[in-house]
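Chain and residue survey
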Amino acid sequence: MDAFLNRRGFLRHSAAFGGSIFVCRTALDRSANATPVRIEAPVVDEVTVREITDGSHDIFLRGEKRPGLTVTRTGTPEAAQGKTLESEWGLALHIESRKGQETRRYLLDFGFSPDVYANNLEILKIDVSQVDALIISHGHFDHVGGLMGFLEAQRPRMRDDLRLYTGGEDDFCRRFLADGNLTPFGPPFDRRRLRALNVEPVLSEAPIVIEGQAFTTGAVPRVSLEHVLPNTFVAYGVKDGLGCDANAYQSHHFTPEELTGKPVPDQHWHEHATCFRLGDRGLVVITSCGHAGIINTLRRAQEITGIDKIYALVGGFHLAPAPDDYLRQVMAELKTFDLEHVLPMHCSGENFLALAKQEIPEMLVLCGTGSSFTFTA
């Protein structure tokens, strides 16, 4: 594994930022003195993150108010009709940002199954006709499984020029469970179906601004103690129109073995985070799953914006499988940031929650399906 990671050292340095909002083909600069990627992060006045789907729904969680943050919860609003929010392994978020009188709405990740996603959209009364953009953090099925069913049911109600923002070609790869049998982890994305539904995929390994208010980190360099903890295997190559094309990566560092399509440990080269610059408070960073490491992701957000202050860290941190010593090292690094709010979702792990209650109780905000978090400048 160490050799595999060293071979990927190009991700330690930044890509030159491409001007196009579509496929970014600028070669990665692997020199030690690479010029950092910089974008002008849009400033917003307010960001609301709603959990459409997460791993649990606790009706006893209560809302609260903290400086710059209002938390609300959804109980069982349609219990009389025999309907309630459903939870499953996966994550799906609705995000609304506001700058002055202008509002933008995004759907970030889509959970594991279209049925749960549709049920929760209805109960939470999310108007999909008002959505400005779709975003996927990475190609794991528990984040994209609900997408195609959702689009096939709701596409006629949505804006004509709908775009799906991704971190790059990696999201389309075939993935397998690390179960000894390499069981397929859901079918890979079919971009032919996306085109048939008039959804434009936007692939960018570099940071990119979305609808004038959000921005992505682009590919996250691996610069801290963190590494990708065991999760899935991935196969490169296109078969029967499905999969990812190794030639579409910015820098082609694939072994002959990988190019034969043999599954290898997944490094999530194109996983990205979605971010907002919240007035003078700093950055709100949404990691979704954080396979590349939450410390790496926070440093990437700082690097591309030139803003040191991270106001809030939100999403999945992928620390559930972390050994205790590794978890404590990550926590020690996390405490060096000037964070005010930490909102662990999905794959963050009960181990992280337990440690956070000891180490950063004043920052910790509990999450769950149906919760809503409004950050104000």
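What you are looking at is a predicted structure, and each value in this text was computed from that prediction instead of being measured. (Residues numbered from 1 in each chain as written. Predicted model: local features only at pLDDT ≥ 70, side-chain atom pairs only at ≥ 80, totals over all residues. Heavy atoms only, no water.)

The next subject is the sheet that holds strand E16 (residues 264–265). Strands sit in the order E9-E13-E16 across an open sheet of three strands; the sheet is antiparallel. Edge strands, defined here as strands with exactly one partner in the open sheet, are strand E9 (174–177) and E16. In terms of strand pairing, strand E13 (residues 232–235) meets E16 through two bridges, oriented antiparallel. Counterpart to Phe233 in the pairing with E16 is Pro265. (Pairing = 2+ DSSP bridges. Helix = DSSP H or I, 4+ residues; strand = E, 2+ residues; numbered from the N terminus.)

Here we come to the state of the cysteines. In the structure shown here, the tally under the stated rule is one disulfide. The partner cysteine of Cys173 in its disulfide is Cys244, sulfur to sulfur 2.0 Å. Here the disulfide of Cys173 and Cys244 is right-handed, its torsion about the S-S bond being about 95°. With Cys173 in the loop between strand E8 (163–166) and E9 and Cys244 in strand E15 (residues 242–244), the pair connects residues that are 71 residues apart, well separated along the chain. As far as the burial class goes, Cys173 and Cys244 line up, both buried. Cysteine Cys289 remains unbridged, with the sulfur of Cys347 as its closest cysteine sulfur at 3.3 Å. The class of Cys289 is buried, set by a relative accessible area of 2%. (Disulfide = S-S within 2.5 Å. Buried < 20%, exposed > 50% of the residue type's maximum accessible area, 1.4 Å probe, protein only.)

So, about the sheet that holds strand E2 (residues 46–53). The strand order across the open sheet formed by nine strands is E3-E4-E21-E2-E5-E6-E7-E8-E10, and the pairing between neighbours is mixed. Of all strands in the sheet, those bounded by a partner on one side alone are strand E3 (64–66) and strand E10 (200–203). On average, each strand axis in the sheet is tilted by 20° relative to the strand beside it, whichever way the strands run. Here strand E7 (residues 133–135) runs beside E8; their pairing, made up of two bridges, is parallel. Paired with Ile135 across the strands is Tyr165, a residue of E8. Lying on the sheet, helix H2 (residues 114–123) is in contact with E2, strand E5 (92–99) and strand E6 (102–110); it crosses E2 at an angle near 130°. (Axes fitted to C-alpha atoms, helices over the stretch in contact; angles between N-to-C directions. Contact = heavy atoms within 4.5 Å.)

Viewed as axis vectors pointing N to C, helix H7 (residues 294–305) and helix H8 (residues 324–334) meet at an angle of 25°, and their least axial separation amounts to 10 Å. Between H7 and H8, the angle is such that the two are roughly parallel. Between H7 and H8, the residues in contact are Ile294, Ile295, Leu298 and Arg299 and Val330, Glu333 and Leu334, respectively. Counted by class, the contact of H7 with H8 contains five nonpolar, no polar and two charged residues. (Parallel < 35°, antiparallel > 145°, perpendicular 65-115°, else oblique. Nonpolar A, V, L, I, M, F, W, Y, C, P; charged D, E, K, R; others polar.)

This brings us to empty space enclosed by the protein. On inspection of all chains with the given rule, the structure shows seven cavities of 30 Å³ or more. Empty space within the largest cavity amounts to approximately 70 Å³. Lining the largest cavity are Gly139, Phe141, Val144, Asp171, Cys173, Arg174, Arg175, Phe185, Gly186, Pro187, Pro188 and Phe189. At the level of elements, helix H3 (141–144) and E9 are the ones that each hand at least two residues to the lining of the largest cavity. For the lining of the largest cavity, the class distribution of residues is seven nonpolar, two polar and three charged. (1 Å grid on protein atoms, 1.4 Å probe; cavity = no way out; pocket = protein on both sides within 12 Å on 5 of 7 lines; lining within 4 Å. Points joined across faces, edges and corners; volume = space filled by probe spheres on them.)

Now for the nonpolar core. Nonpolar side chains in soluble globular proteins tend to be buried together. With 39 residues, the main nonpolar core has Leu134, Phe150, Leu151 and Tyr236 as its most contacted residues. For this core, the secondary structure elements donating two or more residues are E6, H2, H3 and helix H4 (147–154). Tallying contributions element by element places H4 first for this core, with four residues. If we ignore the near neighbours within four places in the chain, the residues touching Phe150 are Leu107, Phe110, Pro114, Tyr117, Leu121, Val128, Arg155 and Met158. Within the second largest apolar cluster, 35 residues are counted, among which are Leu283, Phe317, Leu319 and Phe352. (Core = buried A, V, L, I, M, F, W, Y, C linked by side-chain atoms within 4.5 Å.)

A positive phi angle, close to 55°, is found at Asn198, a residue other than glycine. Phi at His346 is positive, roughly 45°, even though this residue is not glycine. As for its placement among the helices and strands, His346 is situated in the loop between strand E20 (341–345) and helix H9 (350–359).

Our focus in this paragraph is the confidence of the model for the protein. Residues with a pLDDT of 70 or more make up 89% of the protein, whose mean pLDDT is 90. Confidence drops under a pLDDT of 50 for residues 1–35, and excluding neighbours within four residues, the segment shows 83 contacts in the predicted structure. (pLDDT = per-residue confidence, 0-100.)

Within the fold, Ala248 resides in the loop between E15 and helix H6 (256–259). According to the relative accessible area criterion, Ala248 is buried, its value standing at 18%. In sequence terms Ala248 and Gly168 are 80 residues apart; their C-alpha atoms lie 8.5 Å from each other.

Below, the discussion takes up the packing of H8 against H9. H9 packs onto H8 with a crossing angle of 45° between their chain directions and a minimal axis gap of 11 Å. What the angle tells us is that H8 and H9 run oblique. Taken as a pair, H8 and H9 cross one another with a handedness that is right-handed. Along its contact with H8, which presents Leu327, Arg328, Met331 and Leu334, the element H9 presents Asn351, Phe352, Leu355, Ala356 and Glu359. (Left-handed = near helix turned anticlockwise from the far one by under 90°.)

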